Amino acid sequence: MRIQKITLREIHLRLLSPFQTSFGTTELRRILFVEAIADGGIAGWGESTAGEHPFYCYESIETAWYILRDYLWPIVRGREIASASEVLNLFAQVRGHNMAKAALETALWDIEAKQKNMPLAKLLGGTRAEVPCGVSIGIQPTLDKLIGKVEEALAAGYQRIKIKIKPGTDVEPVRTLRERFPRIRLMADANSAYTLGDAPLLKKLDAFHLMMIEQPLGYDDIYSHAQLQRQLESPICLDECIHDVENARAAIELRACRIINIKLGRVGGHTSARQVHDICQANSIPVWCGGMLESGIGRAHNIAMSSLPNFSLPGDVSASKRYWAEDIIEPEVEVSPQGTIRVPTEPGIGYTPRVDRIEALTQRREVLE
Ligand code: OSB
Ligand code: MG
């Protein structure tokens, strides 16, 4: 394929309810899309999961836009690309900025799948017809509200509940949920809010039989997670720390975690995600797909990736209607009463971007040729 042009777009989408983590609260998502047009006119779509602020990681929508325009597009422009699987290496010259890379790389995967008239899931090597789903519930103002959110998610069929924790809002909500729901699959995500000195506090969570504790320590600190894992019975799952197959390998060999959360943006796209998936599989480390409050386009890519065989644990990819009054794809992402999402069998990402609606929500646009 040869890419004729790409369009960068920023849309604003308001979450149905504010989402609070240990690093802040999000109410309005500023989402960057890449629409790439290949020779032959086939369009592919990707979504950058960079946040509004550099709080989850150093990237933000502003850095992603700049890196895409000034560095990544010039690498792709005019180049004959035999397969989207080449793009990870082409982009290696740019250090980091994985969310910017993933936005363009995933769009090219969508194009390649459409050119081959195949579902993206199949092109990636996916084997699942449906993927198991969990929910990620933000920090709530009261324990009653938290219980209400959990009841709602369980009634909708979701297979596991993740709650966000932060210092001061940790043992209490976990204990409350475990007492109220003794048998559910429950986990907690700290988004790097603790230090190794908090090990005694984190150890208290062992009493509640969590599936895992996600990213308790420093966002780039694999070594301290290895020290913590030795002290905990609960498995540690790494999120923020894992950017590519090499540091996944380091985390596995150091025994810093027993589970890895894969996010397309954080690892730089489908090729890297598949490499992380494969090394985890070879080492009996189960993986699951993390979420970044994506709109339908990012969600569709997450579903395709989650069809790979080692995505054996329920992920954070849930129904469009949990986030948005109206999504920007057709059909919206739906979850069955059993808590699964059907992997589309249509070509490409298998959901159609609603271009009119995207156009109406667009705050900024830049066409690069
Ligand atoms: O750490 O998994 C995370 C949202 C924004 C930033 C980081 C994270 C999250 C979530 C939400 O947990 C997952 C989702 O429902 O999209
Ligand atoms: Mg996380």
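This one's a predicted model, so the numbers in the text were calculated from it and none came from an experiment.

> Sorry, what's going on with the nonpolar core here?
Soluble globular proteins: nonpolar side chains tend toward being buried together. I3, L108 and I260 are the most contacted members of the largest nonpolar core, which totals 122 residues. When neighbours within four sequence positions are excluded, L108 is seen to be in contact with M1, I3, A36, I81, A84 and V87. Residues M211, C237, I259 and L313 belong to the second largest nonpolar core, which totals seven residues.

> Looking at this model, I keep getting lost on the packing of aromatic side chains. Mind explaining?
Two aromatic rings are characterised by how far apart their centres lie and by the angle between their planes. Taken as a whole and assessed by the stated rule, the structure comprises four aromatic pairs. Residues F23 and Y56 carry aromatic rings whose centres are separated by 6.2 Å and whose planes lie at 55 degrees to one another, so their mutual orientation is tilted. You can see F23 sitting in the loop between strand 1 (3-21) and strand 2 (24-38) and its partner Y56 sitting in the loop between strand 3 (43-48) and helix 1 (61-76), a full 33 residues away along the chain. A relative accessible area of 10% places Y56 in the buried class. Their ring planes at 90 degrees and their centres at 5.9 Å tell us that Y66 and Y71 sit as a pair that is edge-to-face. When its relative accessible area of 38% is taken as the criterion, Y66 is described as partly exposed. Since its relative accessible area comes to 41%, Y71 is described here as partly exposed. Looking at R160, its charged tip hangs above the ring of W288, at a distance of 4.8 Å from the centre.

> Sorry if this is basic, but what is going on with helix 12 (residues 296-306) here?
The periodicity of an α-helix, 3.6 residues per turn, causes residues three or four positions apart to be oriented the same way. Of all eleven residues in helix 12, eleven are buried; the element is thus mostly enclosed. Taken residue by residue, helix 12 has G296, I297, G298, R299, A300, H301, N302, I303, A304, M305 and S306 as its buried positions.

> Got a minute to help me understand the coordination of the magnesium ion (ligand 2) in this structure?
Tetrahedral coordination by four donors puts the ideal angle at the metal at 109.5 degrees, and octahedral coordination by six puts it at 90 or 180 degrees. Within the protein, the magnesium ion (ligand 2) binds to D189 (OD), E214 (OE) and D239 (OD); these donor distances fall in the range 2.1 to 2.3 Å. Read N to C, the donor residues that coordinate the magnesium ion (ligand 2) are spaced as D-x24-E-x24-D. Remark: D239 occurs in the loop between strand 9 (236-238) and helix 9 (245-253) and E214 occurs in strand 8 (residues 213-214); sequence separation between them is 25 residues. Assessed through its relative accessible area of 0%, E214 is described here as buried. A relative accessible area of 0% means that D239 is categorised as buried.

> Hey, could you run me through the site of ligand 1 in this one?
In the vicinity of ligand 1, 16 residues are found, and the nearest of them are S136, K164, N191, L293 and Y323. K162 places a side-chain nitrogen or oxygen 3.1 Å from an oxygen atom of ligand 1. A distance of 2.9 Å is found between an oxygen atom of ligand 1 and a backbone nitrogen or oxygen belonging to L293. Look at ligand 1: alone it shows 380 Å² of surface, and the protein chains cover 97% of it. Considered class by class, the residues forming the shell around ligand 1 number six nonpolar, three polar and seven charged.

> It is not clear to me how the environment of G40 should be interpreted in this structure. Could you clarify?
Its place among the elements puts G40 in the loop between strand 2 and strand 3. Look at G40 and you get exposed, because its relative accessible area is 84%. Distance from G40 to Q140, taken between C-alpha atoms, is 49 Å for residues 100 residues apart in sequence.

> Explain unusual backbone geometry to me, please; I cannot follow it from the model alone.
What is expected of a backbone is that most residues other than glycine have negative phi and most peptide bonds are trans. A cis geometry characterises the amide bond from E330 onward to P331, with omega recorded as -10 degrees. The topology assignment puts P331 in the loop between strand 12 (329-330) and strand 13 (340-342). Unusually for a residue other than glycine, S192 sits at a positive phi of about 65 degrees. Its location among the elements puts S192 in the loop between strand 7 (186-189) and helix 7 (199-204). Even without a glycine there, the phi angle at S284 is positive, about 55 degrees.

> I keep staring at the environment of V317 and nothing clicks. Help me out?
By the secondary structure assignment, V317 is in the loop between helix 12 and strand 12. Assessed through its relative accessible area of 6%, V317 is described here as buried. Put simply, V317 and G134 are 183 residues apart on the chain and 6.9 Å apart in space, counted from C-alpha to C-alpha. Apart from residues no more than four positions distant in its own chain, V317 is found in contact with C133, G134, C289, G290, R299, N302, I303 and I341.

> Would you take a moment to explain the pairing of strand 3 for this structure?
If a strand is regular, its side chains alternate between the two faces of the sheet. Among the six residues of strand 3, five are classified as buried, and the element is accordingly described as predominantly covered. The loop that links strand 2 with its antiparallel partner strand 3 comprises four residues; one of these, G40, has a positive phi angle of about 95 degrees.

Conventions adopted
- Residues numbered from 1 in each chain as written.
- Chains lettered and ligands numbered in written order.
- Predicted model: local features only at pLDDT ≥ 70, side-chain atom pairs only at ≥ 80, totals over all residues.
- Heavy atoms only, no water.
- Core = buried A, V, L, I, M, F, W, Y, C linked by side-chain atoms within 4.5 Å.
- Buried < 20%, exposed > 50% of the residue type's maximum accessible area, 1.4 Å probe, protein only.
- Contact = heavy atoms within 4.5 Å.
- Phe/Tyr/Trp six-rings, centres within 6.5 Å; stacked < 30°, edge-to-face > 60°.
- Helix = DSSP H or I, 4+ residues; strand = E, 2+ residues; numbered from the N terminus.
- Lys NZ or Arg CZ within 6 Å of the ring centre and 35° of its normal.
- Donors = N, O, S within 2.8 Å, 3.2 Å for Na, K, Ca; no water.
- Near = heavy atom within 4 Å.
- Polar contact = N/O pair within 3.5 Å; in protein donor to acceptor, adjacent residues only side chain to side chain.
- Areas by Shrake-Rupley, 256 points an atom, 1.4 Å probe, with all protein chains shown as cover.
- Nonpolar A, V, L, I, M, F, W, Y, C, P; charged D, E, K, R; others polar.
- Pairing = 2+ DSSP bridges.

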